[in-house]
Amino acid sequence: MGRPGAPLVPRSLRRALTETGPIGSTTHQLSVRLETPESELDALLERLALHGDVVRIGRGLWLLAAYAELDRREDFHAPEEYVERFAHENGVVLGRYEGPITFSDNTVAPVHRWWPYVQGFSADFVAGVLQDEGLSPGSTVLDPFAGSGTTLVEARRAGHRPWGTELLPPAALAARVKTRFELPSARLLSQARTVLRTAARRTPSSVPFLRETSRQFLAATLRDLTRLRDALPGATDPMSEALRVAFGRILIPVSRLRRSPCLGYGRPDADQPRDPFTEFRNAVDEMAQDLDFLTQSRSRWGPAGHVWQRDARNLDLPPSSVDLAVTSPPYVNGMDYVNNYKLDLAWLGYAKGYADLRRLREALVACDNLGRAAVRPHLGTDDVPDRWLREILRQIRSNVDQKRSYRRDDAHGVVKRYFLDLRPVLAAVYRALRPGGRFRLVVGDSLLAGTYVPGDLLTARLGADVGFHITAVDIARRRWSGQRRDFPLRETVVTLQRPVGDS
Ligand SMILES: C[S@@+](CC[C@H](N)C(=O)[O-])C[C@H]1O[C@@H](n2cnc3c(N)ncnc32)[C@H](O)[C@@H]1O
């Protein structure tokens, strides 16, 4: 609330600022949204800020004051508080992990670059973990949230058998293809030439159902994409699947979109369209080069593995069949994978309409875009397996109730479903691991509706609840909140171990 006599926030501006809530908007974004000159808005916002109605944070992001206050409330529990409680209650003092952690290096690394997955983690991180573990050759390494297969590729390169589950079809496809090291590069190249020749003769056909398709691509690009897509072999043999990965790989580069990390407009070179045929040829060339590179270390490869396109919550592997598990699950309130990969889902034929996208979103670990109906069964705050979680859910609910303008009034239900989704995966990995086997997870914390959610520590606690021993919790890096740009969050390596004597 502003002081008496303060200018009122005009209704249209209030609505725009409410939509972006604690994330904030730049003057430029507001000016586009409200069709008002930036200079006029700047002057107004400065005046409103003087009266305490709006607040500027970070690098020029405007919020309604109510959003800025949320994490300064007396009942706000800060990250440090949880760190202390964790040491006290769980007996683990947080350490530091100093090595690589993000996917960025993978975008140029052999094989990993075949399907750049912004949400992926670092191949070097996995390689380091595999080295630390000192597994004997041929051990089985599991990633229940395999994504694009970073863990699986590194496990096989290090001499182990990779097993993974992944529910997002294009990611599962990429992980399968990337772990088939024996694919003959010469045949891949010749099949790609056949696809290109066939595509050149085809007439353009219909584009996928996505509403924005005509804005995402130039008309000529769309025509070529449909010709290429129609020329791809539809079979599920390794060669056909590899060609489909190459096709999926080019969708963003030939569009006007980028992932940063969410799918959005604004590629700096969007007006210089790239030719789908050339991009496809380049993608396959890279794959062929990497396959040749892999062949040099053939004697060290582990046995062929398996990627199951299925729900990690129902992971049903033989007991004690896994020697090590390494993963990075979705983060609390994090990425909407379905939205981010809807181009791949639609163009590769995995989704025929919006209902398919919705169903897939509901099947994945809960994210902030989950439909209300899927959250409705999770609105109670008592029936959760952890005391901290109960307190946090209540806090979110109370914050949202007090400030009705929060983006969704069932935010606590989304968080609850997230942890209820994660717990069965922890339990399933526990059963699949051999006694003494470790489960290493890269996890993040979050801030939402003015409540800090220590996702990393909660994951460790849920792990302990299903029987794991918490061996270490090491902070790997700082990252910035999508909710409050000036609130530092972290990414953490959690190490859990199935007790040695447990059988
Ligand atoms: C952080 S990403 C993993 C990225 C991976 N480490 C990599 O480097 O590519 C999390 C993955 O979990 C997947 N996922 C979410 N819910 C799932 C579920 N219930 N079963 C299996 N996979 C799921 C998402 O599709 C996403 O690919």
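### As for the overall build of the chain
In terms of helices and strands, the chain carries 20 helices and 14 strands. For the C-alpha atoms alone, the extent of the chain along its principal axes is close to 75 × 65 × 40 Å. Each of the 503 residues in the chain was classed as buried or not, and the buried ones make up 56%. Looking at the chain alone, contacts between residues at least 24 apart form 74% of all its contacts between residues at least 6 apart. Surface exposure of the chain reaches about 21500 Å², of which carbon and sulfur atoms provide 49%. Across the chain, the mean location of the 71 positive side-chain charges is 5 Å away from that of the 60 negative side-chain charges.

### Notes on the pattern of salt bridges
Pairing between side chains of opposite charge can happen when their charged atoms approach one another. One pass over the structure, following the stated rule, counts 36 salt bridges. The residue lysine 342 makes a salt bridge to glutamate 212 at a minimum N-O spacing of 3.2 Å. Here the residue lysine 342 occupies a position in helix H15 (residues 342–347), and glutamate 212 occupies one in the loop between helix H9 (185–201) and helix H10 (213–216), the gap between them amounting to 130 residues. There is no split in this pair, since lysine 342 and glutamate 212 are both buried. Linking lysine 416 and aspartate 383 is a salt bridge whose minimum nitrogen-to-oxygen distance equals 2.7 Å. Of this pair, lysine 416 sits in helix H19 (residues 411–432) while aspartate 383 sits in the loop between helix H17 (372–375) and helix H18 (387–402); the two residues are 33 residues apart in sequence, bridging distant segments of the chain. Given the relative accessible area of 2%, lysine 416 is considered buried.

### Considering helix H7 (residues 150–157)
With respect to burial, H7 is a largely interior element, 7 of its 8 residues being buried. Of all the residues in H7, the buried ones are Thr150, Thr151, Leu152, Val153, Glu154, Ala155 and Arg156. Among the structural elements, helix H6 (123–133), strand E4 (140–143), strand E5 (161–165), helix H8 (169–178), strand E8 (306–308) and strand E9 (322–327) are those in contact with the buried residues of H7. The first or second residue beyond H7 is glycine 159, which carries a positive phi of 100°.

### Details of the environment of arginine 431
For arginine 431, the position within the fold is in helix H19. Among the residues examined, arginine 431 registers a relative accessible area of 46% and is labelled partly exposed. For the pair formed by arginine 431 and glutamine 497, sequence separation is 66 residues and the distance between their alpha carbons is 11 Å. Every residue in contact with arginine 431, bar those within four places of it in the chain, is listed here: Leu315, Pro319, Ser320 and Arg498.

### Re the site of the ligand
Taken together, the neighbourhood of the ligand is formed by 24 residues, with Tyr117, Ser148, Thr150, Glu166 and Ala312 sitting nearest. A distance of 2.8 Å separates an oxygen atom of the ligand from a polar side-chain atom of serine 148. Within the backbone of alanine 312, a nitrogen or oxygen atom sits 2.8 Å from a nitrogen atom of the ligand. Across the shell around the ligand, the residue classes break down as 14 nonpolar, 7 polar and 3 charged. Residues from two domains meet in the shell around the ligand; each of domain 2 (74–167 + 304–333 + 399–503) and domain 3 (182–300 + 335–364) gives at least three.

### Comments concerning unusual backbone geometry
A positive phi is found at valine 111, a non-glycine position, where the angle reads about 70°. If you trace the backbone, valine 111 turns up in the loop between strand E3 (95–96) and H6. Unlike most non-glycine residues, serine 320 shows phi in positive territory, near 55°. Along the chain, serine 320 turns up in the loop between E8 and E9.

### Some details on the domain arrangement of the chain
Splitting the chain by domain gives domain 1 (11–71), domain 2 (74–167 + 304–333 + 399–503) and domain 3 (182–300 + 335–364). Centre-to-centre separation of domain 1 and domain 2, based on C-alpha positions: 35 Å.

### A word on the packing of aromatic side chains
Scanning the entire structure with this criterion turns up 14 aromatic pairs. Here tyrosine 82 and tryptophan 388 contribute two aromatic rings whose centre-to-centre distance is 5.1 Å and whose plane-to-plane angle is 50°, an arrangement assigned as tilted. Here the residue tyrosine 82 occupies a position in helix H5 (residues 79–90), and tryptophan 388 occupies one in helix H18, the gap between them amounting to 306 residues. Tryptophan 388 carries the same exposure label as tyrosine 82, and that label is buried. An angle of 85° between the planes, with centres 5.2 Å apart, marks the rings of phenylalanine 209 and tyrosine 354 as edge-to-face. Taken together, the positions of phenylalanine 209 in the loop between H9 and H10 and tyrosine 354 in helix H16 (residues 354–363) put the pair 145 residues apart, joining distant regions of the chain. The exposure class assigned to phenylalanine 209 is partly exposed, which follows from its relative accessible area of 23%. By relative accessible area, which is 33% here, tyrosine 354 ends up partly exposed. One aromatic cluster in this structure is built from Tyr82, Phe86, Trp388 and Tyr452.

### Considering the packing of helix H11 (residues 219–231) against helix H13 (residues 276–295)
At a closest axis distance of 9 Å, the pairing of H11 and H13 adopts a crossing angle of 45°. Accordingly, the angle class assigned to the pair H11 and H13 is oblique. Along the contact surface, H11 presents Thr221, Asp224, Leu225, Arg227 and Leu228, while H13 presents Pro276, Phe277 and Phe280. Partitioning the contact of H11 with H13 into residue classes produces 5 nonpolar, 1 polar and 2 charged.

### With respect to the pairing of strand E2 (residues 61–64)
What you see with E2 is no split at all: Leu61 and Leu63 on one side and Trp62 and Leu64 on the other are buried throughout. Note that strand E1 (residues 54–57) and E2 share 4 bridges and pair antiparallel. Following the sheet pairing, valine 54 is matched in E2 by leucine 64.

### Things to note about the nonpolar core
Judged by nonpolar contacts, the single largest core of 62 residues is most densely connected at Phe86, Ile396, Phe419, Val429, Phe439 and Val473. It is H19 that provides the largest number of residues to this core, a total of 13 residues. Look past the residues within four positions of phenylalanine 439 in its chain and what remains in contact with it is Pro144, Ala325, Val326, Thr327, Leu426, Val429, Leu433, Phe468, Val494, Thr495 and Leu496. Ala171, Ala174, Tyr341 and Leu364 belong to the second-largest nonpolar core, a separate cluster that totals 58 residues.

What counts and how
- Residues numbered from 1 in each chain as written.
- Predicted model: local features only at pLDDT ≥ 70, side-chain atom pairs only at ≥ 80, totals over all residues.
- Heavy atoms only, no water.
- Helix = DSSP H or I, 4+ residues; strand = E, 2+ residues; numbered from the N terminus.
- Buried < 20%, exposed > 50% of the residue type's maximum accessible area, 1.4 Å probe, protein only.
- Contact = heavy atoms within 4.5 Å.
- Areas by Shrake-Rupley, 256 points an atom, 1.4 Å probe, with all protein chains shown as cover.
- Lys, Arg positive; Asp, Glu negative; His and termini not counted.
- Charge placed at Lys NZ, Arg CZ, Asp CG, Glu CD.
- Salt bridge = Lys/Arg side-chain N within 4 Å of Asp/Glu carboxyl O.
- Near = heavy atom within 4 Å.
- Polar contact = N/O pair within 3.5 Å; in protein donor to acceptor, adjacent residues only side chain to side chain.
- Nonpolar A, V, L, I, M, F, W, Y, C, P; charged D, E, K, R; others polar.
- Domains from an automatic or database assignment.
- Phe/Tyr/Trp six-rings, centres within 6.5 Å; stacked < 30°, edge-to-face > 60°.
- Axes fitted to C-alpha atoms, helices over the stretch in contact; angles between N-to-C directions.
- Parallel < 35°, antiparallel > 145°, perpendicular 65-115°, else oblique.
- Pairing = 2+ DSSP bridges.
- Core = buried A, V, L, I, M, F, W, Y, C linked by side-chain atoms within 4.5 Å.

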